[in-house]
Amino acid sequence: MGAMIEAMNGSNVSPNEPSPEWLLRAPLAELTEAAERLRDEGHGRVITYSRKVFIPLTKLCRDVCHYCTFAERPRAGSPAYLSAEEVLAIARAGEAAGCTEALFTLGDKPELRYRAAREALASLGHASTIEYLRAMSALVLRETGLLPHLNPGVMTREDMAGLREVSASQGIMLESASERLCEPGGVHHGSPDKHPAVRLETLRLAGELRVPFTTGILIGIGETRAERLDALRAIRDLHAAYGHIQEVIIQNFRAKPGTKRADAAEPDLEDMLWTIAAARLILGAEMNIQAPPNLSPGVYPRLIAAGINDWGGVSPVTPDHVNPEAPWPAITELSRRSAEAGKLLVNRLAVYPAYARQAANWLAPDVATRVRRMSDAEGLAREDEWSPGTTVPPRPPAVQATTIDPHIEDIIAKAKDGERLDEPEIVRLFAARDADYQRVITAADDLRRTMSGDVVRYAVNRNINYTNICYYRCRFCAFSKGKTHEALRGAPYDLALEEIVRRAVEAWDRGATEVCLQGGIHPDYTGETYLGICRAIKAAVPDMHIHAFSPLEVTQGAATLGLTVPAFLARLKEAGLGTLPGTAAEILDDAVRAIICPDKVNTKSWLDVVRAAHRLGLRTTSTIMYGHVEQPISWARHLLTLRDLQAETGGFTEFVPLPFVHMEAPMYLRGAARRGPTFREAVLMHAVARLALHPHITNIQTSWVKMGPAGAAACLKSGANDLGGTLMNESISRAAGTEHGQEFPPQSMENLIRSIGRMPIQRDTLYRPVPPERRATSFHAAPLAPVTQTPPRRLAAAD
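Computed from a predicted model, the values in this text were never measured in an experiment.

S.K.: Where do I start with unusual backbone geometry in this structure?
M.R.: With an omega of 5 degrees, the peptide bond running from His 694 to Pro 695 counts as cis. For Pro 695, the location among the structural elements is in the loop between α27 (679-692) and α28 (704-716). Within the chain, Lys 109 stands out as a residue other than glycine whose phi angle is a positive 45 degrees. Mapped onto the elements, Lys 109 comes out in the loop between β2 (101-106) and α5 (115-124). The buried category is assigned to Lys 109, whose relative accessible area is 19%.

Next up, the structure:
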């Protein structure tokens, strides 16, 4: 391969760029081998497509390309443009069929050639085709769940900027960089919008305006191979300058009856494969290179082997209006044939993942919000409607492939041996789909069985959230309230000490062994407040385990008393604190924390508190709150940070993935977050944690209140071995919008555990079996008494 790369390099190109001479003379097998390796370096096993609906807004066009049957002349009785009702009907049919993209294709500026177009636009209330397109794109964006992708031809800066406000992406096919094709006898003669300089200027403007842009070349229309290379290099140079070319389409000319090129020869398969390979080698590993599958039926494995990573838009509803003679393949067939070639077919959005992940930089605000809500952590389309906290039934990911990525097997073997994985390896596990996904969760479950057998443990406990008043402004939190702020769910409260104790006593009487206490950071609370809570509970219920106070509360409490964190922790332990929840961790990556909780403790401070607790003999849980703005690289960093601390201290009892519940979260309501992890991502979090944290953290817990019973069961079959607590009361997730209730009583816990063939064991906070009396009491618990949410004292006094 080294000799091949050396041969690829010419004296006037960059070290990694193939020379034109080598591309033109190298054997096809040599080209495709190099292209395939380069593609796999950038895209791995994934091959994408966009589930789209095709909206031909108008077929009138001022250009007269010699191969085109899309463009038509005005005809009496035939509307020049689709009406708003027709546009919406097509879009809604696509939405019903599961499409995510509305592809608007239309002729170029027909009003400059046809009076019928001008009159039609006037009757519609618009001065230009671009203006009408903007209105229709806005309509689809507003009324459906589709993302518009717009192909209106050559545009001015103003045209493109206006369309950017109502679309996820735009495009124009360069087709060719050959001016020769615009001369008499050439296919673009008489088509002013097909001059390469004009189209390249449109591409340049898109870069300046930061529009995710699609382009490509059309092969077999009279150009030479050298001219194709010129076009690809022109595209490469524009992308190098602006980074905005999201995909390059290699489209093969198809001869059509009734056109000037009806009898022209079509490019053969070898020509198509050569061009795909050349495009990959010129444009690099990361570029998305597409070949329309309907134009090359029956040879999908050959196209994949040449270096493509995308099939383009495929519609289950509408025909390809540009190539109506070429029907779309069924998506199931495309998936099967891709799997036969070792690739996993994944639905993407109209905007490609790299741009979806950076939506704030590339999209108009309203469009960016829509894209975030439609995408997963990698920027691909969400697989279903499930979100944490909802009662939508989870849908297990489909499996088409029959082979496993060898790299996945290597990573699994390394993890099972107890070796520390690196960040890229963990990211690869999180990217697992299809058969790779099944392999990861199966491996995690095998490791769970080895470490903890077929036992699932749970605790009978009570959550006591003592106040929802908080002076921090975490952007994900729907629970906390300003002192007089009654937004979102419920009014501010600040529980009286008597009510806290009453709930603890009641919990004991119902069989609990633990109370979990957390709350907002109340501006009037000091370290004495937390000490007083511990003393009061221990005085009333001496045997109750107190699991309380995140590193944030500990930091704040210590500061108010002028104590070091270790000194304050020692006082809490003396007052009766048994363990600490490892919450307030969110994502242990300060770049993410700067977005979601900028005024909260940073990663180092969180670790310092937890390390100090462990050194004092106070064990803690560990958590992650995921599925909002972060990406898998942050999940990897978080897991490795926890693993490293556990290797140092051994103080974590368990790891608890907490999927982001989006419904009432402020940053979601402002359009700044995804709607939680997908079901695949949520299950993988448990599975990958089992592998990445092995052998240091042996208990992986799943949250029934966020995952729901069915989701929790799936996680228990994917590496988790603990079902958490019965809770009795749950305020934080409920404030965020979860629909899974506040209590999961012991009988329900055990029914769920037995339903998956496991043995339930009731445990205490430190994973010890509970006394028989506690277990018996928990199964005969009286109904909970109504709770009293004590209003803020100063507000009460004012009243």
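S.K.: Could you clarify how one ought to interpret the sheet that holds strand β17 (residues 722-725) in this entry?
M.R.: Across a sheet, paired strands are connected by hydrogen bonds in the backbone, their directions being either parallel or antiparallel. Here we have three strands laid out as an open sheet, ordered β17-β10-β18, and parallel in their pairing. Lying at the two open borders of the sheet, with one neighbouring strand each, are β17 and β18 (759-763). If you compare each strand with its neighbour and ignore which way they point, the axes differ by 20 degrees on average. Pairing analysis gives five bridges linking strand β10 (residues 455-459) to β18, with the strands arranged parallel. Within β18, the residue paired with Ala 459 across the bridge is Arg 763.

S.K.: Would you mind going over the pattern of salt bridges with me for this structure?
M.R.: Any two side chains of opposite charge can pair, given that their charged atoms come close. Overall, the coordinates contain 68 salt bridges when judged by the stated rule. The salt bridge involving Arg 571 is made with Glu 528; its shortest N-O contact spans 3.1 Å. You can see Arg 571 sitting in helix α22 (residues 565-575) and its partner Glu 528 sitting in helix α20 (residues 527-540), a full 43 residues away along the chain. Under the relative-accessibility criterion, Arg 571 is labelled partly exposed at 30%. With a relative accessible area of 36%, Glu 528 lands in the partly exposed category. Measuring nitrogen to oxygen at the nearest pair gives 3.2 Å for the salt bridge that ties Arg 754 to Glu 750. Of this pair, Arg 754 and Glu 750 both sit in helix α30 (residues 746-755), separated by four residues, roughly a single helical turn. The exposure class assigned to Arg 754 is partly exposed, which follows from its relative accessible area of 45%. Ionic contacts of the salt-bridge type, sharing partners, join the residues Asp 445, Asp 446, Arg 448, Arg 449, Asp 454 and Arg 758 into one network.

S.K.: I keep staring at the packing of aromatic side chains and nothing clicks. Help me out?
M.R.: The way to describe two aromatic rings as a pair is by their centre distance and the angle between their planes. On inspection of all chains with the given rule, the structure shows 12 aromatic pairs. Considering the side-chain rings of Trp 386 and Phe 679, the 5.3 Å spacing of their centres and the 75 degrees angle between planes classify their relative orientation as edge-to-face. Here Trp 386 is found in the loop between α15 (365-374) and α16 (406-416), whereas its partner Phe 679 is found in helix α27, with 293 residues between them in sequence. Taken individually, Trp 386 and Phe 679 each receive the classification buried, so the pair is uniform in this respect. A centroid spacing of 6.0 Å and a plane angle of 80 degrees characterise the contact between Tyr 525 and Tyr 530, whose relative ring orientation is edge-to-face. There is no split in this pair, since Tyr 525 and Tyr 530 are both buried. Here the aromatic residues Tyr 466, Tyr 525, Tyr 530 and Phe 549 are joined through ring pairs into a cluster of three or more. Positioned above the aromatic ring of Tyr 668, the side-chain terminus of Arg 373 is 4.1 Å from the ring centre. Over the ring of Trp 508 we find Arg 774; its NZ or CZ atom is 3.7 Å from the centre of that ring.

Scoring rules and cut-offs
Positions within a chain are numbered from 1, following the residues in the order the chain's sequence is written. In view of the model being predicted, local features appear only for residues whose pLDDT reaches at least 70, and side-chain atom pairs are presented and counted only at 80 or more, with totals across whole chains, interfaces and linings using the full set of residues. Side-chain measures here rest on the full set of heavy atoms in the structure, leaving out hydrogens and waters. Strands are runs of DSSP state E lasting at least two residues, helices are runs of H or I lasting at least four, and both sets are numbered from the N terminus onward. Think of it in three bands: residues with accessible area under 20% of the maximum for their type are buried, residues over 50% are exposed, and the middle band is partly exposed, with areas taken using a 1.4 Å probe on protein chains only. Strands pair, by our definition, only if DSSP identifies at least two bridges between them. Lines fitted to the C-alpha atoms define the axes, with helices restricted to the stretch that makes contact. Angles between their N-to-C directions range from 0 to 180 degrees. For this document, the term salt bridge refers to a Lys or Arg side-chain nitrogen within 4 Å of an Asp or Glu carboxyl oxygen. In this scheme Phe, Tyr and Trp rings, the latter by its six-membered ring, pair at centre separations within 6.5 Å, and the angle between planes marks the pair as stacked below 30 degrees, edge-to-face above 60, and tilted otherwise. Criterion for a charge above a ring: Lys NZ or Arg CZ within 6 Å of the ring centre, and within 35 degrees of the ring normal.

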